[in-house]
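Coordinate inspection notes
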Amino acid sequence: MENIKITFNPKQENLKEIEDWMVEEKKIPITENGNWESIIYAFENKKLVIATVKGKTVGFYTLSFYKYAISIGVAEVNPNYRNKGIGKLLLDKIIEKYSAKDIYALHLFCAPESSQKIWKKLKFKYYPNNSSNTRSR
């Protein structure tokens, strides 16, 4: 897919676009989406990374930073743009930006379980004993 831009400093209008497509997909008010507070927190603390296509927000990851690792809290791609490599491109740009800064692992808690297939395809390893996934470089 062409014209995908990754932005590490999204604007309020990007957040509104995320809200709109999440409400449309899930058919519930955004305040009932359990991830919304995490998304707002990430936005307010410059820990939200977004993908846009022709200026339209189509995907995002929320990040938390630790001494040598980054944790992915929420990862979503607009349903109309799934299976086009946007999630992988977001991940690649995050790795590119932070690998030079002594970050040695990406970590995530995988939910729903149906998303495990996607994360495994992106080379995350599944560790069921501690319910987390990690991708090391």
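Figured I'd write up the structure that's included with this text. (Residues numbered from 1 in each chain as written. Predicted model: local features only at pLDDT ≥ 70, side-chain atom pairs only at ≥ 80, totals over all residues. Heavy atoms only, no water.)

1. Points about the pairing of strand E3 (residues 56–65)
Taking burial as the measure, the ten residues of E3 include seven buried ones, the bulk of the element. Hairpin geometry of strand E2 (residues 48–53) and E3 is characterised by an intervening segment of two residues between the two adjacent antiparallel strands and by a positive phi of about 50 degrees at Lys54. Both E3 and strand E4 (residues 69–77) contribute to a ladder of six bridges, which runs antiparallel. For Ser64, the partnering residue across the bridge sits in E4 and is Ser71. (Buried < 20%, exposed > 50% of the residue type's maximum accessible area, 1.4 Å probe, protein only. Helix = DSSP H or I, 4+ residues; strand = E, 2+ residues; numbered from the N terminus. Pairing = 2+ DSSP bridges.)

2. Focus on the nonpolar core
Counting 20 residues, the largest nonpolar core has Ala51, Tyr61, Leu63, Ile70, Ile86, Leu90 and Ile94 as its most contacted members. At the level of elements, strand E1 (4–7), E2, E3, E4, helix H3 (86–98) and strand E5 (105–108) are the ones that each hand at least two residues to this core. No other element matches the five residues that H3 contributes to this core. Contacts of Leu63, omitting those with residues within four sequence positions, involve Lys47, Val49, Ile70, Ser71, Ile72, Ile94 and Tyr98. (Core = buried A, V, L, I, M, F, W, Y, C linked by side-chain atoms within 4.5 Å. Contact = heavy atoms within 4.5 Å.)

3. Here's the deal with the pattern of salt bridges
Two side chains carrying opposite charge are able to pair once their charged atoms lie near each other. A full pass over the atoms with the stated rule returns seven salt bridges. Glu76 is paired through a salt bridge with Lys26; the nearest N and O atoms lie 3.8 Å apart. Here Glu76 is found in strand E4, whereas its partner Lys26 is found in helix H1 (residues 12–26), with 50 residues between them in sequence. Judged by its relative accessible area of 13%, Glu76 falls in the buried class. (Salt bridge = Lys/Arg side-chain N within 4 Å of Asp/Glu carboxyl O.)

4. Examining the side chain of Asn78
Tracing the backbone through its elements, the reader meets Asn78 in the loop between E4 and H3. What Asn78 contacts, discounting residues up to four positions off in sequence, is Trp21 and Val58.

5. Description of helix H2 (residues 36–44)
Along H2, the residues that are buried comprise Trp36, Ile39, Ala42 and Phe43. In a view along the axis of H2, the buried residues occupy a sector of 125 degrees, so they form one face of it. Of the exposed residues in H2, the ones pointing more than 90 degrees away from its buried face are Glu37 and Glu44. The inward-facing, buried residues of H2 contact H1, E2, E3 and E4. Positive backbone phi, at 60 degrees, marks Lys46, one or two positions downstream of H2. (Arc of directions from axis to C-beta.)

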